[in-house]
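# Observations on chain architecture
Each chain, written out:
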Amino acid sequence: MSTDKNIPTQVLNLIRQEGLEIGAHLPAQWLADQLKLSRTPINDALAFLHNKGILQRERNRGYFIAKAVDAADPAVRKKLGLTKTDATSQAYFTMADDLLKGELPETVSEVLLRNRYELTAAQLQAVLHRIAQEGWAQKKPGYGWEFSAMLTTPDSLLQSYRLRMALEPAALLEPGYRLDPKVIEQCRAAEQHLLGGGIETDTPDQLHERGVRFHESLIEASGNPFFIDTIRRVNRVRRLISYRSMQDRKRYKEHCQQHLHLLDLLEASRNQEAADIMREHLSRTLKNHQKIRKILKP
């Protein structure tokens, strides 16, 4: 069975986002509706995760979660065989880069995209479903696809950071804030992986997901659903423009060290200090406004 490796990852991310626990049922139609895919690739992904021991299949009942995993953890992705770049993933990144460089028109046909990126109809649909889910393109009524101009400008990334500067430090100060020790351990391991060589070897997807998972983990510990929902929406929207900035990986060592410091503070219940560090951590991007514009400039 040939499976688009991006779809099992999407399923795992959805399980985490919805807070589903071991034993929860995963109806194929519900997954298809949530991920805006047809049943066929969903069924392939479910079978793939079943073969990897993540899901359990019960006759006449479907698939159930058998094991909790973090799809952003590089070690987990390697074990599951989700680290290889397939044709759809390669086309996705090339398309994103072409769009950010201004080499794609605002409105395109599927024929143009198939020919330009040498994809089959099924591969193109997988790419288009992914970018539609992430919010930087949408299907036009009747014909073609339209890219969102908002997400291709340098100011979009900066605006997302200004929102995060207002939201994330405040979330750390919520009454009853508690970051589970197991989550702290997982986050530390992810940062140590990068410092141990992952900065140079991880894919843009892995780098992005590591950062997203770290910040969402800290916000989820607030227990405030409004904070949690907002940060997830911001992270989905900023994925496209954040990829381009990943071409400069020199800043990741400092980011990892700051993340580890934040974990130490939160583990010691020094939340006010952690909130101040978080604000400083996010504000560094804003202080480098001109640098970011240069990175994202077509």
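Shown above is the structure to which this text applies.
An account of the accompanying structure is given in this report. (Residues numbered from 1 in each chain as written. Predicted model: local features only at pLDDT ≥ 70, side-chain atom pairs only at ≥ 80, totals over all residues. Heavy atoms only, no water.)

### Observations concerning the nonpolar core
- Of all hydrophobic cores here, the largest spans 23 residues; its most connected members are V11, L26, L31, I42, L46, L49 and L55.
- For this core, the secondary structure elements donating two or more residues are α1 (6–17), α2 (28–35), α3 (39–51) and β3 (62–65).
- Of all the elements, α3 adds the most residues to this core, at six residues.
- Among residues more than four places away in sequence, those in contact with L46 are L26, A28, L31, L55 and Y63.
- In this structure, L172, C187, L218 and L263 belong to the second largest nonpolar core, which totals 20 residues. (Core = buried A, V, L, I, M, F, W, Y, C linked by side-chain atoms within 4.5 Å. Buried < 20%, exposed > 50% of the residue type's maximum accessible area, 1.4 Å probe, protein only. Helix = DSSP H or I, 4+ residues; strand = E, 2+ residues; numbered from the N terminus. Contact = heavy atoms within 4.5 Å.)

### As for the sheet that holds strand β4 (residues 107–108)
- The strand order β4-β6-β5 describes an open sheet built from three strands, whose pairing is antiparallel. Lying at the two open borders of the sheet, with one neighbouring strand each, are β4 and β5 (137–139).
- The pairing of β5 with strand β6 (residues 145–147) spans three bridges and is antiparallel. Paired with A137 across the two strands is F147, which belongs to β6. (Pairing = 2+ DSSP bridges.)

### Brief notes about the environment of F214
- Within the fold, F214 resides in helix α10 (residues 204–220).
- Take F214: its relative accessible area is 1%, and that puts it in the buried class.
- In sequence terms F214 and C187 are 27 residues apart; their C-alpha atoms lie 6.2 Å from each other.
- F214 has contacts with C187, E191, H259, L262 and L263, leaving out every residue within four places of it along the chain.

### Overview of the pattern of salt bridges
- Taken as a whole, this structure holds 15 salt bridges when the rule is applied.
- Close ionic contact of E58 with R61 constitutes a salt bridge, the shortest N to O distance being 2.6 Å.
- Among the salt bridges present, the one from E267 reaches R188, with a minimum N-O distance of 2.6 Å. One end of the pair, E267, is in helix α12 (residues 252–267); the other, R188, is in helix α9 (residues 181–201), with 79 residues separating them in the sequence.
- Given a relative accessible area of 47%, E267 falls into the partly exposed group.
- Linked through salt bridges whose partners overlap, the residues forming this network are D98, E103 and R116. (Salt bridge = Lys/Arg side-chain N within 4 Å of Asp/Glu carboxyl O.)

### Some remarks on the pairing of strand β2 (residues 55–58)
- Pairing of β2 with β3, which is carried by four bridges, proceeds in the antiparallel orientation. Counterpart to L55 in the pairing with β3 is I65.
- Here β2 folds back onto β3, and the loop between the two strands holds three residues, one of which, N60, carries a positive phi near 65°.

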